[in-house]
Amino acid sequence: MRAKVVCVCLVFMWMMPLALAEKEFPISLTCTNCHQDRYNEWSRSMHALSVSDPIFEAAYLRAYESDPKYRIFCLSCHSPTTRITHDFNLTKSVSVEGITCSFCHSVTAVEGNNFTFNPNNPMQGPYNDSNTDAHASSYSALHTKSEFCAGCHEFSINGVPISQTYSEWKASPDAAEGKQCQDCHMETKSGIAAKGGPVRDKVYQHFWYGGHTGQFLQNAFQIATSIQRTGNRVNVTLNITNNNVGHMIPSGLPMRKVVLDFNATDEQGNVLYSAQKVYAKTLLDQYGNEATDFWKAVSIAKDNRFKPDESRIEVFEFDVPEGTGRVDTQATLTYQLQAEIITTEMESLNVELASASSSSVSNATATYPTPKAPDIGWIGFLIAMIAAVLVIRRKR
Ligand code: HEC
Ligand code: HEC
Ligand code: HEC
Ligand code: HEC
Ligand code: HEC
């Protein structure tokens, strides 16, 4: 008994200095004085919203209700500092900052979904000559490579691959050319990396535009249409191409979908034919139903997403009534960030990716690809506003 107490005491004495020496992860505000631009960019990114994003919040609550073990699991990526702080109730400001500066810049190694990181580490970054009194710095080749992102952007549950953005990239022509995630998602410009620092050819912007960014999505696809008419039989061939996406589209969580809507009308606007196609990865739960909650998935039912640089032909064939004059067609590709989990504020977020139309008089052939609709970059803004309202409400 006595030996046990002594032993426990010794363990405590051994742990104390360690606990005292443990530095806290600094919050992002401590970087703003010197890294104003990076702070402004990051604070509007999905990484900064990764715990306060309402779509995540709703899913997280459902996962937690289905099994409390998911708390540690979900937060390991959405609030990665909890891997060390164990602040699973999110009481620290730095935990609520989600994927924050001091997490990413303390990472020294990534292995599968495991990160080696510590607030005591020097700031890991892309420069080998940076110098400041504010913090120690260290060159990290890892930060310039897709492998850094892979620690979160690739994972499985129950052996079912849920998000495979990294391996999709690895198999893409972009990877073969050496184009990393950072090259597309952290666009560079010239400028200073920090107040007082030298002007550099390349500083890396921290927006991480993606599926939540209308503008970014609209560069992803083109559609070319050709229409043929033989008597009352109409054949429309769509050639859907993408060439600047380094992974499948949509990538990431299976709740993302791309939907093709096709319509043919006559001169009076009467609908002659319409069809819809959905491109997505579909998960099944243990009962064989579609698993909209990805953590309940046991298998993949189908996956018909677009591969990087794929060019896909879709053909629609239909008959029009005798005596029909001109036939007009319209094809629209929409990106849907399916949010079935949100039942109150939002149903789903839709962004038009590309559209094309064509017209045909009887027996004639014509092709008219039309320019894309003007940009609507409001989706990120909408999410940010809702997140802000939720945060303010919670603080009260
Ligand atoms: C008092 C000013 C100051 C503060 C505060 C500050 N930094 Fe820095 N930081 C600098 C300067 C100066 C450089 C060097 C810039 C250069 O060489 O271009 C730098 C460089 C860096 C680098 C690049 C390191 C490399 O070698 O590639 C990273 C990453 C970084 N800082 C992250 C942070 C983070 C994260 C915070 C907040 C937790 C922070 N800094 C706070 C001034 C500061
Ligand atoms: C610690 C985990 C983690 C790391 C490391 C990480 N990400 Fe993310 N990333 C996330 C999470 C989680 C989200 C989604 C946040 C949300 O919407 O709730 C996200 C969102 C994104 C988005 C936005 C997607 C959209 O729909 O708009 C892009 C783009 C992105 N990450 C790219 C990257 C790149 C590139 C890297 C490497 C430089 C990287 N991420 C590193 C976890 C991570
Ligand atoms: C998701 C991880 C991630 C987060 C969060 C993040 N960074 Fe970075 N940061 C990177 C990566 C990766 C690079 C290097 C990109 C490259 O070289 O290809 C980088 C580069 C930098 C650099 C050096 C180059 C430059 O563009 O200035 C600084 C300074 C920096 N980050 C500061 C910050 C600050 C400050 C924050 C928070 C406001 C922050 N970072 C948040 C991943 C992150
Ligand atoms: C050649 C440029 C390019 C490369 C390389 C690239 N991406 Fe993307 N990424 C895009 C574009 C464009 C989109 C928007 C179209 C879309 O929805 O896929 C996107 C979308 C995303 C999304 C949102 C999911 C989606 O499909 O809407 C995430 C997350 C993401 N990228 C992460 C990554 C990660 C992680 C890597 C590296 C493993 C990477 N990207 C490599 C261009 C690129
Ligand atoms: C291995 C890292 C990782 C784990 C663990 C993880 N996520 Fe994510 N999560 C991501 C990344 C990366 C994204 C952003 C890109 C994408 O869609 O793949 C994301 C995006 C999301 C989104 C979409 C947010 C939006 O605004 O579109 C939801 C919802 C989500 N995660 C819920 C969860 C839940 C619930 C859990 C726990 C059951 C969880 N995640 C566990 C990495 C992770």
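That block above? That's the structure.
*Asks:* Mind showing me how you'd approach the coordination of the iron atom of ligand 1 here?
*Replies:* The reference angle at a metal is 109.5 degrees if four donors form a tetrahedron and 90 or 180 degrees if six donors form an octahedron. Each protein donor to the iron atom of ligand 1 is listed here as His 35 (NE2) and His 135 (NE2); together their distances run 2.0 to 2.1 Å. Seen from the iron atom of ligand 1, its 6 donor atoms lie at angles of 87 to 178°, and the figure they make is octahedral. Residue His 35 is found in the loop between helix H2 (29–32) and helix H3 (36–43), and its partner His 135 is found in the loop between strand E3 (123–125) and strand E4 (137–139); the two are separated by 100 residues along the sequence. Here His 35 falls in the partly exposed class, since its relative accessible area comes to 25%. Under the relative-accessibility criterion, His 135 is labelled partly exposed at 27%.

*Asks:* Sorry, what's going on with helix H4 (residues 54–66) here?
*Replies:* Since the α-helix turns once every 3.6 residues, residues separated by three or four places project in the same direction. For H4, which comprises 13 residues, the first-to-last C-alpha distance of 18 Å matches the rise-based estimate of 18 Å (1.5 Å per residue) to within 8%. Those residues of H4 lying buried are Pro 54, Ile 55, Phe 56, Glu 57, Ala 58, Ala 59, Tyr 60 and Ala 63. Looking at where H4 begins, the residue whose side-chain oxygen comes 2.8 Å from the main-chain nitrogen of Ile 55 is Asp 53.

*Asks:* Where do I start with the environment of Ser 50 in this structure?
*Replies:* Structurally, the position occupied by Ser 50 is in the loop between H3 and H4. C-alpha separation for the pair Ser 50 and Gly 98, spaced 48 residues apart in sequence, amounts to 5.2 Å. Beyond its immediate stretch of four places on either side in the chain, Ser 50 contacts Phe 56, His 78, Gly 98 and Ile 99. A polar contact is formed between the side chain of Ser 50 and the backbone oxygen of His 78, at a distance of 2.8 Å. For Ser 50, the side chain forms a polar contact with the main-chain nitrogen of Ile 99, separated by 3.3 Å.

*Asks:* What am I meant to see in the site of ligand 3 here?
*Replies:* In the vicinity of ligand 3 lie 23 residues, with Cys 101, Cys 104, His 105, Tyr 204 and His 206 positioned nearest. Note that an oxygen atom of ligand 3 is positioned 2.9 Å from one of the side-chain N or O atoms of Arg 38. Measuring from a nitrogen atom of ligand 3, one finds a side-chain N or O atom of His 105 at 2.8 Å. When contributions to the shell around ligand 3 are tallied by element, the ones reaching two or more residues are H3, helix H8 (101–104) and strand E8 (199–204).

*Asks:* Just checking my understanding: could you explain the packing of aromatic side chains for this structure?
*Replies:* Two numbers describe a pair of aromatic rings. These are the distance of the centres and the angle of the planes. Counted under the stated rule, the structure contains 18 aromatic pairs. Taking the centre distance of 6.3 Å and the plane angle of 65° together, the rings of Tyr 70 and Phe 73 count as edge-to-face. Placement of the pair is Tyr 70 and Phe 73 together in helix H5 (residues 70–78), with a separation of 3 residues, close to one helical turn. With a relative accessible area of 9%, Tyr 70 lands in the buried category. Centre to centre, the rings of Phe 103 and Phe 115 are 5.2 Å apart; their planes meet at 80°, and the pair counts as edge-to-face. You can see Phe 103 sitting in helix H8 and its partner Phe 115 sitting in strand E2 (residues 114–117), a full 12 residues away along the chain. Given a relative accessible area of 2%, Phe 103 falls into the buried group. What links up through ring pairs into an aromatic cluster is the set Tyr 70, Phe 73, Phe 155, Phe 294 and Trp 295. A cation over a ring is seen here: Arg 200 above Tyr 127, with NZ or CZ 3.8 Å from the ring centre. If you follow Arg 312 out to its NZ or CZ, it ends over the ring of Phe 306, 4.6 Å from the centre.

*Asks:* Before we go on, may I ask you to explain the site of ligand 2 in this structure?
*Replies:* Neighbouring residues of ligand 2: 25 residues in total, closest His 47, Cys 149, Cys 152, His 153 and His 212. At 2.8 Å from a nitrogen atom of ligand 2 is found a side-chain nitrogen or oxygen belonging to His 47. Side-chain polar atom of Asp 53 to an oxygen atom of ligand 2: 2.9 Å apart, as the coordinates give it. Listed by contribution, the elements that provide at least two residues to the shell around ligand 2 are H5, helix H9 (146–150) and helix H12 (181–185). With 3 residues, H12 is the single largest residue contributor to the shell around ligand 2. Taken together, the residues of the shell around ligand 2 sort by class into 14 nonpolar, 9 polar and 2 charged.

*Asks:* For this particular structure, what's the right way to read the nonpolar core?
*Replies:* Considering soluble globular proteins, one finds that nonpolar side chains tend to be buried as a cluster. With 30 residues, the main nonpolar core has Phe 221, Leu 238, Ile 240, Val 258, Leu 260, Phe 262 and Leu 333 as its most contacted residues. For this core, the secondary structure elements donating two or more residues are strand E9 (222–230), strand E10 (233–241), strand E11 (256–266), strand E12 (271–279), strand E15 (311–319), strand E16 (327–338) and strand E17 (348–360). Of the residues forming this core, the biggest block, 5 residues, is contributed by E16. In this structure Leu 238 touches Ile 223, Ala 224, Thr 225, Leu 260, Phe 262, Arg 312, Ile 313, Glu 314, Phe 316 and Ala 331, once residues within four positions along its chain are discounted. Counting residues in each nonpolar core, the second largest holds 18 residues, with Phe 88, Ile 157, Ala 291 and Phe 294 among its members.

*Asks:* Got a minute to help me understand the sheet that holds E10 in this structure?
*Replies:* The strands making up a sheet associate through hydrogen bonds between their backbones, and the pairing can be parallel or antiparallel. The 3 strands are arranged E9-E10-E15 in an open sheet whose pairing can be described as antiparallel. In this open sheet, the two edge strands, each paired with only one partner strand, are E9 and E15. Recorded for the sheet is a direction-independent mean angle of 15° between the axes of neighbouring strands. As judged from the 9 bridges shared by E9 and E10, these two strands associate in the antiparallel manner. Bridged to Ala 224 within E10 is Asn 239.

Cut-offs applied
- Residues numbered from 1 in each chain as written.
- Chains lettered and ligands numbered in written order.
- Predicted model: local features only at pLDDT ≥ 70, side-chain atom pairs only at ≥ 80, totals over all residues.
- Heavy atoms only, no water.
- Donors = N, O, S within 2.8 Å, 3.2 Å for Na, K, Ca; no water.
- Tetrahedral: all angles 85-135°; square planar, octahedral: opposite > 155°, others 65-115°.
- Helix = DSSP H or I, 4+ residues; strand = E, 2+ residues; numbered from the N terminus.
- Buried < 20%, exposed > 50% of the residue type's maximum accessible area, 1.4 Å probe, protein only.
- Expected span 1.5 Å × (residues − 1).
- Polar contact = N/O pair within 3.5 Å; in protein donor to acceptor, adjacent residues only side chain to side chain.
- Contact = heavy atoms within 4.5 Å.
- Near = heavy atom within 4 Å.
- Phe/Tyr/Trp six-rings, centres within 6.5 Å; stacked < 30°, edge-to-face > 60°.
- Lys NZ or Arg CZ within 6 Å of the ring centre and 35° of its normal.
- Nonpolar A, V, L, I, M, F, W, Y, C, P; charged D, E, K, R; others polar.
- Core = buried A, V, L, I, M, F, W, Y, C linked by side-chain atoms within 4.5 Å.
- Pairing = 2+ DSSP bridges.
- Axes fitted to C-alpha atoms, helices over the stretch in contact; angles between N-to-C directions.

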